Amino acid sequence: MTKRLKSISVRDFRSIRGEITVSLDAPVVLIHGQNGAGKTSILSALELGLTGSVTSLRGLTDDFASHLLHKQADEGRIVVTAEGIGEATADGEMLVRSSGVTGAGLLSPEMSRFFTERCYLSQATLGRLLELYQVKDTRKSDSPLTKFVKDLLGLDSLDALIDGLHDSGDVRRFRNSVPAFWNVRESIPDLEKKVRQSAAERKSLEAERTAVHDRLRAELRGVGIDNEALPPAALLERELADGKEESELQRLARLRREAVAIRQQWLSTRTEIEAAELEEVETSAKKTANAIASWRSDEGQRLEHTLLAAAELLPSSASLSTAGTERAHAFALDAIASELNRCEALLARDAEDASRLAALDQDLGRAQRRLSVLEEQLAAQAVTSSNLAQALSGILSHIHTEDCPVCGRDFQQVSDKPLQAHVSERIAALTESAGRLQALSRERAEAVASVAAIERDRGGVAGRQLAPSVRDQLKSRRARLEELNRSLEELTATAMRGRRLAEDAAEAARTLDTLRARDQQAVTLRDATHSLAQHVGVEAIGVAEALEDALDRIDREVVIAEERLVRVQEARRSAQAALTQYIAVSSKIDVLAREIVDQERRLERFRTAKEAAETRITQSRELARRAREARTKVVQRVFNDSLNAVWRDLFVRLAPEEPFVPAFALPEGQSGPVEALLETHYRSGGRGGDPRAMLSAGNLNTAALTLFLALHLSVKPTLPWLIIDDPVQSMDEVHIAQLAALLRTLSKQHGRQVIIAVHERPLFEYLAFELSPAFPNDRLITVELGRSPSGATIVNFEPLIWRPDTAIAA
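What you see is a predicted model; the values in this text were computed from it and never measured.

**What to know about helix α18 (residues 468–490)**
For an α-helix the count is 3.6 residues per turn, leaving residues at separations of three or four pointing the same way.
And then number 1: The first and last C-alpha atoms of α18 sit 34 Å apart over 23 residues, in line with the 33 Å expected at 1.5 Å per residue.
And then number 2: Turning to α18, its buried residues number three or more, namely Arg-471, Leu-474, Leu-481, Leu-484, Asn-485 and Leu-488.

Structure follows, in structure tokens:
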């Protein structure tokens, strides 16, 4: 089914006020109206209803959608009806509000693009069509003309292929486009270098392991391990970890300490003991014991009684039996002094509280008396002074004569002063009395607060004050403590004498015990030396051998055994260190060997990948060369046989006298992307300049119009529509006549539905005549736009059908 526009309904869109419906169901539709009548608005509404956008306005401002609604309306509406679009008949509806446009266009995105670029030529686009298609920067490949040429020639795939293969011309371009290839290419030398370095490092580690192995064998011989081959590392570690020498060294050290102890004890007991010396020591010990007993029965007893008395007052005090003479005496003095300080501090604070309480009582009496005076003064003031002053102020505004407004009497009978002045003086007096009353109230509140503060302070001091019974107990305790302190100070010399006697008695007892134990200790030391010799493993002590000689033999044997064990222990530690180093070096060699294998495998993969990539690069270069050759042939064929031929025929038909003919510039060479440019040719041959520089204004408009028609006719008519807004700008009569004939040919012979909008009445009538129906079923619709007195848009619609020429028929 042929695609045809059927009708459009527009309400409150751009300059159209109200709602109009225009029938488009004819091969040719002519729209006429004065400037501002709504011709362009109808065509813009048609574009919006079909594509969902107004391309000619979208490029002018970002918020173009907010200007589509008529300024006096809240909502606009567009409904476009067409047939052959999907269903038999389809409608596209768009709602226009100040916030934007809602709805979907009738055409698909691809058809919408075709309509915008190949079917609809707005008045604004016609004037700058060549500028749109001719970009200043020839390096750009995204101009509208270039896009059209690529669509026409089908070069997108070839250009994409050539662009994709561009980097194959120089591997340096792969640094950004194919970083993986560049990384592999750059990594191969680094990997080769790493393999060489790893091999050299492995050789160095193997030499180090050999040296460590020899050192380990030497150290193991010192420990007692002399195998032909090294045992497994785990077994060797267990054998070296079994440090038997340490326990044996500890045993020898213990025996050495026992020998030293025996020697020291022997040196202290080897002198002979005389009976006279023992008797003298026993006599001295007896005298010291009698002296301490005498002291305890006399002076010591008095000291003990005093300490017991102190303990009754101070339970923490020590007695002679528990702490010793001088220590118990000093402890009691310290405790009594501390307790005296505490009692005196409590009594002193109680005296201060009594003085403070008397002062607070005086302050409280003064404050209470002041409060009584203030209350009497407040009672003397009239409590209604303020209210009476306010009442008189309200009456004052009503006093205009000398008659009293309350009793009605003439005030001049009782006073020569005016009544109004008298009332004003009375109000002032009452106001002053009210001020004094407020001041007294504030002073009374301050006095009440002062009495409360004094009472709080007095309550705190009274609560802290000691009761009389407690105060008396403290005084008695202080007196008793002073007596005990004085008695203890008097007994200081007695305590020191008791300490000296006790020390003398203890020293005499110790000396006597030492002398009595010497004879038995010498026998015990020889038995201990005999047992020590057995443990060391030397010959036992002889009957006539001196104890010191036997101890010397034992010491020499212990030193020899310790030196031997220390040498074995040092060899074991050195062997452990060498074994640890041997294991570490062997582990490094194993890890390095695996790394070398991995690096060699990775290097081989990189080399294989590089060779495969280089093969593909060679193939890509050949493919790119062939693609460029194919593109060149296609471009040259299509430019010569299609685009330029169609445009030349259209332009020459409309402007037969113009010596310059616009044309598409042929791309030079086969390298680089296709860039479609515009130029002019002399009819006699040769190239001219840019069309905008070589053509007049009228012919430049003709060149733009014929360029649009050539672009429309050069492709398959996806939409067989031509919608042109005022195409005759700057055209003379010849151009207009040729355009009318061309439009007639497109409509009658090529099946295009043509919609033309013009604003000149003669041109409208001429085109209606030239494009009138020429055969049966051919029609022409004329649409004239205007305004009603209220400003609403009105439409005069007239369909014209084919009628036989009766004159010729007759």
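**Points about a positive patch on the surface**
And then number 1: Together, Lys-194, Arg-601, Arg-602 and Arg-605 make up a positively charged patch on the protein surface.
And then number 2: Counting residues per element, the positive patch draws most heavily on helix α20 (residues 547–654), at three residues.
And then number 3: When you line up the elements, Arg-605 lands in helix α20.
And then number 4: Given the relative accessible area of 52%, Arg-605 is considered exposed.

**Topic: the pattern of salt bridges**
When the charged atoms of two side chains lie near each other, side chains of opposite charge can form a pair.
And then number 1: Taken as a whole and judged by the stated rule, the model has 28 salt bridges.
And then number 2: For Arg-77, the salt bridge goes to Glu-93, with nearest N and O atoms at 2.9 Å. A residue pair is termed long-range when its members are at least 10 positions apart, and Arg-77 in strand β4 (residues 75–83) and Glu-93 in strand β5 (residues 89–97) qualify at 16 residues.
And then number 3: Residue Glu-93 is classed as partly exposed on the basis of its relative accessible area, which comes to 41%.
And then number 4: Linking Arg-113 and Glu-117 is a salt bridge whose minimum nitrogen-to-oxygen distance equals 3.5 Å. Placement of the pair is Arg-113 and Glu-117 together in helix α3 (residues 109–119), with a separation of four residues, close to one helical turn.
And then number 5: A relative accessible area of 40% places Arg-113 in the partly exposed class.
And then number 6: The class of Glu-117 is partly exposed, set by a relative accessible area of 31%.

**Looking at the environment of Leu-252**
And then number 1: Positionally, Leu-252 belongs in helix α11 (residues 244–269).
And then number 2: In contact with Leu-252, not counting residues within four places along its chain, are Val-558, Ala-561, Glu-562 and Leu-565.

**Some thoughts on the nonpolar core**
And then number 1: Grouped together as the largest cluster of nonpolar side chains are 45 residues, with contacts concentrated most on Leu-5, Ile-8, Ile-31, Leu-46, Leu-50, Phe-115 and Ile-755.
And then number 2: Leaving out residues up to four positions away in the same chain, Phe-115 has contacts with Glu-47, Leu-50, Thr-51, Leu-107, Tyr-120, Leu-719, Trp-721 and Ile-723.
And then number 3: The next biggest cluster of nonpolar side chains, apart from the first, holds 36 residues, and it includes Phe-664, Ala-710, Leu-739 and Leu-742.

**A short note on unusual backbone geometry**
And then number 1: The backbone of Asp-12 shows a phi angle near 50 degrees, a positive value even though the residue is not glycine.
And then number 2: Here Asp-12 shows up in strand β1 (residues 4–13).
And then number 3: With a phi close to 65 degrees, Asn-777 is a non-glycine residue in the positive phi region.
And then number 4: Mapping Asn-777 onto the fold places it in the loop between α24 (761–770) and β12 (779–787).

**What about the pairing of strand β13 (residues 793–801)?**
And then number 1: Relative to β13, β12 runs antiparallel, the two being bridged by nine bridges. By the bridge assignment, Leu-785 is partnered in β13 with Val-795.

**Remarks on the packing of aromatic side chains**
And then number 1: One pass over the structure, following the stated rule, counts three aromatic pairs.
And then number 2: An angle of 15 degrees between the planes, with centres 6.0 Å apart, marks the rings of Phe-115 and Tyr-120 as stacked.
And then number 3: Summarising the aromatic geometry, the rings of Phe-115 and Trp-721 are spaced 6.3 Å apart at their centres and angled 75 degrees between planes, so their arrangement reads as edge-to-face. One end of the pair, Phe-115, is in helix α3; the other, Trp-721, is in strand β10 (residues 721–725), with 606 residues separating them in the sequence.
And then number 4: One aromatic cluster in this structure is built from Phe-115, Tyr-120 and Trp-721.

**Examining the sheet that holds β13**
Pairing between the strands of a sheet is mediated by backbone hydrogen bonds and can be parallel or antiparallel.
And then number 1: The strand order across the open sheet formed by six strands is β7-β10-β11-β3-β12-β13, and the pairing between neighbours is mixed. Strand pairing shows two members of the sheet lacking a second neighbour, β7 (120–121) and β13, which therefore form its edges.
And then number 2: As paired strands, strand β3 (residues 28–32) and β12 are joined by five bridges and run parallel to one another. Across the sheet, the residue bridging to His-32 is Glu-784, located in β12.
And then number 3: Of the strands in this sheet, β3, β7, β10, β11 (753–758) and β12 are in contact with helix α1 (residues 39–51), which crosses β10 at around 140 degrees.

**Some thoughts on the packing of α3 against helix α22 (residues 697–713)**
And then number 1: The interhelical angle for the contact between α3 and α22, taken along N-to-C directions, is 140 degrees, at an axis separation of 9 Å. In terms of their interaxial angle, α3 and α22 are classed as oblique. Contact residues: Glu-117, Arg-118 and Cys-119 in α3; Phe-708, Leu-711 and His-712 in α22.
And then number 2: When grouped by side-chain class, the residues that make up the contact of α3 with α22 number three nonpolar, one polar and two charged.

**Concerning helix α9 (residues 179–223)**
And then number 1: The terminal C-alpha atoms of α9 lie 61 Å apart, and with 45 residues this matches the ideal 66 Å at 1.5 Å per residue to within 8%.
And then number 2: Maximum bend of α9: about 35 degrees, positioned at Ser-187, with proline Pro-189 one to four residues after it.
And then number 3: One or two residues past the end of α9 sits Gly-224, with phi positive at roughly 110 degrees.

Conventions and cut-offs
- Numbering of residues starts from 1 in each chain and follows the order in which that chain's sequence is written.
- The predicted origin of the model limits local features to residues at a pLDDT of at least 70 and limits the giving and counting of side-chain atom pairs to 80 or more, whereas totals for whole chains, interfaces and linings rest on all residues.
- Excluded from the side-chain calculation are hydrogens and water; included are all heavy atoms of the structure.
- Secondary structure counts use DSSP, requiring at least four H or I residues in a row for a helix and at least two E residues in a row for a strand, with both numbered from the N terminus.
- Multiplying 1.5 Å by the residue count of a helix minus one yields the expected span of that helix.
- Accessible area is worked out with a 1.4 Å probe on protein chains only. A residue is then buried under 20% of its type maximum, exposed over 50%, and partly exposed in between.
- Excluding any residue in a salt bridge, patches collect residues exceeding 30% relative accessible area, merging like charges within 9 Å and nonpolar Val, Leu, Ile, Met, Phe, Trp and Tyr side chains within 5 Å.
- Throughout, the Shrake-Rupley method with a 1.4 Å probe supplies accessible areas, and for residues the shown protein chains are the sole cover considered.
- Counted as salt bridges are all cases of a side-chain nitrogen of Lys or Arg within 4 Å of a carboxyl oxygen of Asp or Glu.
- Two residue types count as positive, namely Lys and Arg, and two as negative, namely Asp and Glu; His and chain ends fall outside the count.
- A single reference atom marks each charge: NZ on Lys, CZ on Arg, CG on Asp, CD on Glu.
- Note on contacts: a residue pair qualifies if any of its non-hydrogen atoms lie within 4.5 Å across the two residues.
- For our purposes a nonpolar core is just a set of buried Ala, Val, Leu, Ile, Met, Phe, Trp, Tyr and Cys residues, chained together by side-chain atoms within 4.5 Å.
- Here the rule is simple: two strands pair whenever DSSP picks up at least two bridges between them.
- Classification of ring pairs uses Phe, Tyr and Trp, with its six-membered ring standing for Trp, and accepts pairs whose centres are within 6.5 Å; under 30 degrees between planes counts as stacked, over 60 as edge-to-face, and the remaining range as tilted.
- Only C-alpha atoms enter the line fits that serve as axes; for helices the fit covers just the stretch in contact. Angles between N-to-C directions range over 0 to 180 degrees.
- When describing relative orientation, an angle under 35 degrees is termed roughly parallel and one over 145 degrees roughly antiparallel, while 65 to 115 degrees is termed roughly perpendicular and anything else oblique.
- By the convention adopted, Pro, Cys, Tyr, Trp, Phe, Met, Ile, Leu, Val and Ala count as nonpolar, Lys, Arg, Asp and Glu as charged, and the other residues, Gly among them, as polar.
- The seven residues ending at a residue and the seven starting there each receive a fitted axis; the angle between those axes is the bend at that residue.

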